[in-house]
Every structure is written in structure tokens, then in C-alpha cells.
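Chains, contacts and geometry: an overview
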Amino acid sequence: MTTAKEAAARRIRAAADDLIALSHRIHAHPELAFEEHRASRWVADALSEAGFEVRHGCYDLPTAVEATVGTGPIHVAICAEYDALPGIGHACGHNVIAAAAVGAGIGLAALADELGLTVRVLGTPAEEGGGGKVLMLEQGAFDGVHAAMMVHPAAVEMAAMPGLAVTQFEVAYEGKAAHAGAYPELGVNAADAMTVAQVGIGLLRQQTTATDRIHGITTESGSAPNVIPDTSRGRWIVRSDSLDALRPLRRRVHRCFEAGALATGCELTTTQVGPDYADLRPDHDLLRLWVANATALGRRFPDLPSSVVGAATDMGNVSHVVPTIHPMLGLDCGPAVNHQPEFTAACITGAADRAVLDGAIGMAWTAVDVALDAGARAAV
């Protein structure tokens, strides 16, 4: 192991109590997309104390963070996420992601100039649907970056998550209210329009590919059983294995909603929610370095079935323009998986605390490899 790697690991382990406390504090105070005021401030303060030059509320996003240290020619970006999910808190473990990113920054802070690195830790809001990284990418947050990385907790270890492309939109039907018992013929039933659309989507699934996903919820559908609903609203997500495959699938799904309007006489409005997420394309050279470093830390990568389908992340958009990795750190918490309340609980266990430190050290070591390895430097 290089002296630089040993030094980075020592700094991270010396900060272990503070990093784990940061993870637990973010977990205990879940904040939704674009509302992560406390979490982003805690991340910014920790990096400032570590010697970073910090901007909080940058790139036109009040809860975005940019922290920079070093002036070297190789630019490495380490991404922190910290938004939670409605109702179930940190069921995707973004508290672990944020603390690991801060830890990697702490490990590299004193070494950056010696290694010829500029280290940029980016606090990226609203991964759960708001597309914070996409917005920051468009505003130049990743300009000049040679390698971008982050870690993410999961039920099992994965070097590379098979991330899908995704789009989200809201649907609204407007009909006409009427007394459901006395004058139903005078009503235009918006709830029925949503039902027709859902039946159409259910039938459409038979003609979609194995990696396509269509799912959603009805958020409003009438207020009383004896009143014909004049309004029905929902939020839907469509996923596919690439942006090119996503576009025609989205059109087919929208036609199901148009069918609901046509069948009932309702007016239909659809509204895009956030930017589209691109499929995740891990960089193979960076991934090779990560796997070697994670293995040296004692992490093991089980053989997974080829049928495993990933979720989606706005890190996918970054991966289309910057060499990127997004490894998953297993918490050995099965059968609990991401976006379940049981996974929320798993994200402050001993396994999650270890993931914070292993993620921080693994990313720091990978950045060191990029700086010191001639082949890796050439690749980025």
C-alpha cells in the first residue's frame, strides 16, 4: 500500500466517530428533495473544518454544496446525497452516502496538492426525483472533472449498479361533479378515467421488455362516495434501459392516459416532474480500481443473477459526460431492500457505519490510484 493511501486511511479512521455521528444525525432528521437545509449545512460545515473552500447554496440550488481543496491538474469529484423519502425517511441510505463523501474528502484534503489532485466534494440535492445532479451538471458543477464517484448502500454488494433511464410525470383529469345517486348521468367521472388508464398500462406491460418498468400512484380521486369525482390526479414513473428506449415507451404510456380521457370525456393534463435520468454507464478503468480497493478493505462481491434490474439515479447523467463509478455497499440486511422501512432501520446499524468508513476509504484510495497510476491518469 502506498504511503498516500495509508495517510488517507489514517485521517478517515481518526474522524470515524464524527463521520458516523454525521450519518446518524442526517438519518434522524430526514429532509425531502430540495429541502435538505440542515443536512447540506452539516456537510458543508464538516468539509470547511477539514480545510475545504466551501460554497453552500450554489448552482442556483439553495441546498447544493461545493467544497474544493487542492490545485492539481487531475480533478476528482466525490458526490454526496442527503435527501430522504416521504413517509419512510432514509430508506435509501443517503445519510451513509453523505458521510462517506465527507470522509473521502477528509482523507484526501492534506494530500491533494502532493498527489496533483483537485478534489471537489459536491453536495447534490434531490436525487429522489428532483434531479439535483442533472441541474448542477447543466450549471457547470462537473466542468473539468476527470473522474466522478460516489457510493450507495444496498442489501448486497455490487461493483456497478445496472441503473435504468427514468422519466417522471404528473397526470390530472378534470371531469364534472354530480350526485352519484340522483344524477349520475350529469357527471364526467375523473376517477374512471384514471382506472381506464391503469387498465391500459396493465395490458401494455405484456408487450414491454424485461427491463421496462411502469409504476405510479393516484394522489387524488374524489372526496365522497356519493359525488362523481370531477378531479383525479396521479404521479407516474417510466423506466427503461436507455434514454433511446425510454422515449418510445413513454409515448406508449401517455397514450394509455389519453385513452382514459377519450373514454370518459375528461380533460387530461400531463406535467413533467424533474429532468429525465439517463442510464448509468460505469467507467471500467475506475471500476477496476474501486474493486481492488474494496477487496483490500475486506468487501466481497457475490455473484448476482443476470436478471437483476437496477433502479435509477441522476448520477447516470453525469456518467454520460464524465468517467463515473457508483458502487453499492452491501449492508447484509436481507430480506430488507432499498425503499422499505426495514432498510431505513438498517442504515444506522453497525454494517451501515462500516459502509461509511469503507466507502470513504475506498473512494479516497481510488482517487490516489488515479493520481499515481500512469495508466489510470491516461484513462481519465
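Everything below is about the structure shown above.
The text that follows walks through the structure, step by step, so that each part is easy to find. (Residues numbered from 1 in each chain as written. Predicted model: local features only at pLDDT ≥ 70, side-chain atom pairs only at ≥ 80, totals over all residues. Heavy atoms only, no water.)

Tallying secondary structure elements over the protein gives 13 helices and 12 strands in all. Rg of the C-alpha trace for the protein: 23 Å, near the compact-globule value of 21 Å for 380 residues, within the 12% margin. Across the 380 residues of the protein, 54% fall into the buried class. A sequence separation of at least 24 residues applies to 79% of the contacts in the protein between residues at least 6 apart. (Helix = DSSP H or I, 4+ residues; strand = E, 2+ residues; numbered from the N terminus. Rg over C-alpha atoms; globule rule 2.2 N^0.38 Å. Buried < 20%, exposed > 50% of the residue type's maximum accessible area, 1.4 Å probe, protein only. Contact = heavy atoms within 4.5 Å.)

With that out of the way, let us pick up the environment of alanine 112. Structurally, alanine 112 is set in helix α5 (residues 112–115). Setting aside anything within four residues of it in sequence, one finds alanine 112 in contact with Val69, Gly70, Leu117 and Val119.

For the rest of this paragraph, the subject is the packing of helix α9 (residues 284–296) against helix α12 (residues 350–372). In contact at an axis separation of 9 Å, α9 and α12 are set at 130° when each is read in the N-to-C sense. As the angle between them shows, α9 and α12 are arranged oblique. For the pair α9 and α12, the crossing hand works out as right-handed. Residues Leu286, Leu289, Trp290, Asn293 and Ala296 of α9 pack against Asp358, Gly359, Gly362, Met363, Trp365, Thr366, Asp369 and Val370 of α12. Grouping the constituent residues of the contact of α9 with α12 by class yields 7 nonpolar, 4 polar and 2 charged. (Axes fitted to C-alpha atoms, helices over the stretch in contact; angles between N-to-C directions. Parallel < 35°, antiparallel > 145°, perpendicular 65-115°, else oblique. Left-handed = near helix turned anticlockwise from the far one by under 90°. Nonpolar A, V, L, I, M, F, W, Y, C, P; charged D, E, K, R; others polar.)

With that settled, consider the environment of methionine 161. In this structure, methionine 161 sits in the loop between β6 (152–154) and β7 (165–174). Take methionine 161: its relative accessible area is 7%, and that puts it in the buried class. Each C-alpha atom, one on methionine 161 and one on threonine 313, is 9.7 Å from the other, the two residues being 152 residues apart in sequence. In this structure methionine 161 touches Leu280, Gly310, Ala311, Thr313, His326 and Met328, once residues within four positions along its chain are discounted.

Right, let's get into the layout of surface pockets. Considered as a void within the structure, the largest pocket measures approximately 1200 Å³ in volume. Around the largest pocket sit 41 residues that line it, and Leu85, Glu128, Ile237, Arg239 and His339 are the ones nearest its centre. Breaking the lining of the largest pocket down by element, the ones donating at least two residues are β6, β7, β8 (213–221) and β9 (231–240). Its residues assigned to classes, the lining of the largest pocket comprises 23 nonpolar, 12 polar and 6 charged. The calculated volume of the second largest pocket comes to roughly 250 Å³. Lining the second largest pocket are Ala15, Asp18, Leu19, Leu22, Arg25, Trp42, Asp45, Ala46, Glu49, Ala50, Val102 and Ile106. The set of elements that each furnish at least two residues to the lining of the second largest pocket consists of α2 (16–28), α3 (37–49) and α4 (94–109). Broken down by class, the residue content of the lining of the second largest pocket amounts to 8 nonpolar, no polar and 4 charged. (1 Å grid on protein atoms, 1.4 Å probe; cavity = no way out; pocket = protein on both sides within 12 Å on 5 of 7 lines; lining within 4 Å. Points joined across faces, edges and corners; volume = space filled by probe spheres on them.)

The strands that make up a sheet pair up through hydrogen bonds in the backbone, lying either parallel or antiparallel. Strand order across the open sheet formed by 4 strands is β8-β9-β7-β10, with antiparallel pairing between neighbours. The sheet terminates laterally at β8 and β10 (267–272), the two strands that pair on one side only. Neighbouring strand axes in the sheet, compared pairwise and without regard to direction, differ in orientation by 20° on average. Pairing geometry for β7 and β10, over 6 bridges, is antiparallel. Each residue of the ladder has a partner; that of valine 171, found in β10, is threonine 270. With respect to the sheet, helix α7 (residues 190–204) is in contact with β7, β8 and β9, its orientation differing from that of β9 by roughly 20°. (Pairing = 2+ DSSP bridges.)

Before going further, it helps to spend a moment on the sheet that holds strand β2 (residues 65–69). Reading across from one edge, β1-β2-β4-β3-β5-β11 is the order of the 6 strands in this open sheet, with mixed pairing throughout. Across the chains shown, the open sheet's two edge strands, defined by having one partner strand only, are β1 (53–56) and β11 (324–325). For β2 and strand β4 (residues 117–123), the ladder comprises 5 bridges, and the chain directions are antiparallel. Opposite alanine 67, over in β4, you have valine 121 as the bridge partner. α4 rests against β2, β3 (74–80) and β4 of the sheet, and its axis sits at about 150° to β3.

Right, let's get into unusual backbone geometry. Omega for the bond connecting glycine 334 with proline 335 falls within 30 degrees of zero, at 10°, which places this linkage in the cis form. Topologically, proline 335 is positioned in the loop between β12 (328–330) and α11 (341–346). Phi at alanine 126 takes a positive value of approximately 60°, unusual for a residue other than glycine. Considering the arrangement of structural elements, one finds alanine 126 in the loop between β4 and α6 (132–138).

Below, the discussion takes up the packing of α4 against α12. How two helices pack is summed up by the angle between their axes together with the distance between the axes. Following both chains from N to C, one finds α4 and α12 inclined at 40°, their axes separated by 8 Å at the closest point. Looking at the two axes, α4 sits oblique to α12. Crossing geometry of α4 relative to α12 is assigned as right-handed. Along its contact with α4, which presents Val96, Ala99, Ala100, Ala101, Gly103, Ala104 and Leu108, the element α12 presents Ala352, Ala355, Val356, Gly359, Ala360, Met363, Ala364, Ala367 and Val368. Here the contact of α4 with α12 is built from residues that sort into 14 nonpolar, 2 polar and no charged.

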